[in-house]
Amino acid sequence: MLFYLTRRLLISFPVLLGITVISFIIMKLAPGNPVDMLIDPNTPPELLDAKREMLGLNSSLPVQYWHWLKGLLHGQLGYSFSSYAPVAGMIGQRIGPTLLLALTALLTGLLTAIPLGIASAVRHNKAFDHTMTGLAFIGLSIPPFFLGLSLIYVFALKLHWLPTGGMSTLGRGGGFSDTLHHLILPATVLAIGIVGKKIRYIRASMLDVLSQEYLRTARAKGVKESMVVYKHALRNALLPILTVFGTEIPVLLGGSILVEQIFQWPGIGQLTMQSILSRDYPTLMALNLVAAIVVMTSNLITDILYSFADPRIQYR
């Protein structure tokens, strides 16, 4: 296992380097200029050129990338073009709220999708199974922005049960209960998308296992149905379930961009949208790097969990 982890880490460095190169090229090919976003269009051309020189935009693309990479190797992510604040500090302030939102949605989706998927497989072709399949397709089909705006309209504007957005109420100091109150709507939007997709995967995985001969033998020996389902069938169905939930973490990061924007949640997603609109290259490069690290880490954790779910899988 140690050799496998070391090998994965060594492979990850050139992969991350390639991702930064591709991200840098795509950003430079995109239309727009950071200076045009920051300065009055009536500014004299010589001042615009001085601003570009100060930001290092007059250098060639390889030189610009090398300056960024050299700073990264020294532990520096650069400074924001729009706020002039250290990018590392900006991401450090935003990553906590995003992790809170994403992990809450993932945990809610797990606790909802797994039992419903199992129950749907056990009651195959019955009313409950058809109902869960229909609800799963509905949850999968509703666009997050439409669902988010609908929940805001119903629960915030009409019923006044929940806030429209933000992470805390002004003047209350942002305690645990206040943060939880603001977390309900955005986490629900992300969780519904997870549940809609994963119920179908879990149901299909369980149906495949429940038809195996060894489970019929267990039933013939008088083993309780609950033991057959939750001890024998579920464990053998875990591998595909772990796969789909391991890939959900990167999807949550992408989905949080839209959801955080709708609910004004002060996380990485909102920072990403602001950086795109302002052409803030250093912040976008750092955010792409963080997203790549999260994806690779989630895949590594999923591979490690495989060995716990199935002892036959060994990494050398």
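Calculation criteria
Residues numbered from 1 in each chain as written. Predicted model: local features only at pLDDT ≥ 70, side-chain atom pairs only at ≥ 80, totals over all residues. Heavy atoms only, no water. Helix = DSSP H or I, 4+ residues; strand = E, 2+ residues; numbered from the N terminus. Buried < 20%, exposed > 50% of the residue type's maximum accessible area, 1.4 Å probe, protein only. Contact = heavy atoms within 4.5 Å. Salt bridge = Lys/Arg side-chain N within 4 Å of Asp/Glu carboxyl O. UniProt positions renumbered as here; feature names shortened; annotations may be inferred. Core = buried A, V, L, I, M, F, W, Y, C linked by side-chain atoms within 4.5 Å.

**Remarks on the environment of M90**
Within the fold, M90 resides in helix 5 (residues 87–122). Classification of M90 as buried rests on a relative accessible area of 15%. Separated by ten residues in the primary sequence, M90 and S80 place their C-alpha atoms 8.7 Å from one another. Not counting the four nearest positions on each side in its chain, M90 is found in contact with S80, S83, A85, L271 and T283.

**A few points about the pattern of salt bridges**
Using the criterion set out here, one finds one salt bridge in the structure. In this structure, R203 and D129 form a salt bridge, with 2.7 Å as the shortest nitrogen-oxygen distance. Of the two residues, R203 is situated in helix 8 (residues 176–210) and D129 in helix 6 (residues 127–141); the sequence distance between them amounts to 74 residues. Each of the two residues, R203 as well as D129, counts as buried.

**Focus on unusual backbone geometry**
Phi angles above zero are rare outside glycine, and Y84 is one such case at about 65°. Along the chain, Y84 turns up in the loop between helix 4 (61–73) and helix 5. According to the relative accessible area criterion, Y84 is partly exposed, its value standing at 44%. Despite not being glycine, N125 shows a phi value in the positive range, around 65°.

**A closer look at the UniProt feature "transmembrane region" (unreviewed entry) in the chain**
Following the UniProt record, the feature "transmembrane region" (unreviewed entry) maps to residues 9–30, 99–122, 134–159, 179–196, 237–263 and 283–306 here. Its end C-alpha atoms 32 Å apart, residues 9–30 is made of 95% helix and 0% strand. Between the C-alpha atoms that bound residues 283–306 the distance is 35 Å, and the span itself is 100% helix and 0% strand.

**Observations regarding the nonpolar core**
Note that soluble globular proteins tend to have their nonpolar side chains buried in a common cluster. Ranked by internal contacts, the top residues of the largest apolar core, which has 40 residues, are I202, M206, F245, L252 and F263. Listing elements by their share of this core, those giving two or more residues are helix 5, helix 7 (144–158), helix 8, helix 9 (213–220), helix 10 (225–236), helix 11 (238–246) and helix 12 (248–263). No other element matches the twelve residues that helix 8 contributes to this core. Beyond its immediate sequence surroundings of up to four residues, I202 is in contact with A113, I114, G117, I118, I241 and F245. One finds V35, L57, L284 and M285 within the second-largest nonpolar core, a separate group that totals 13 residues.

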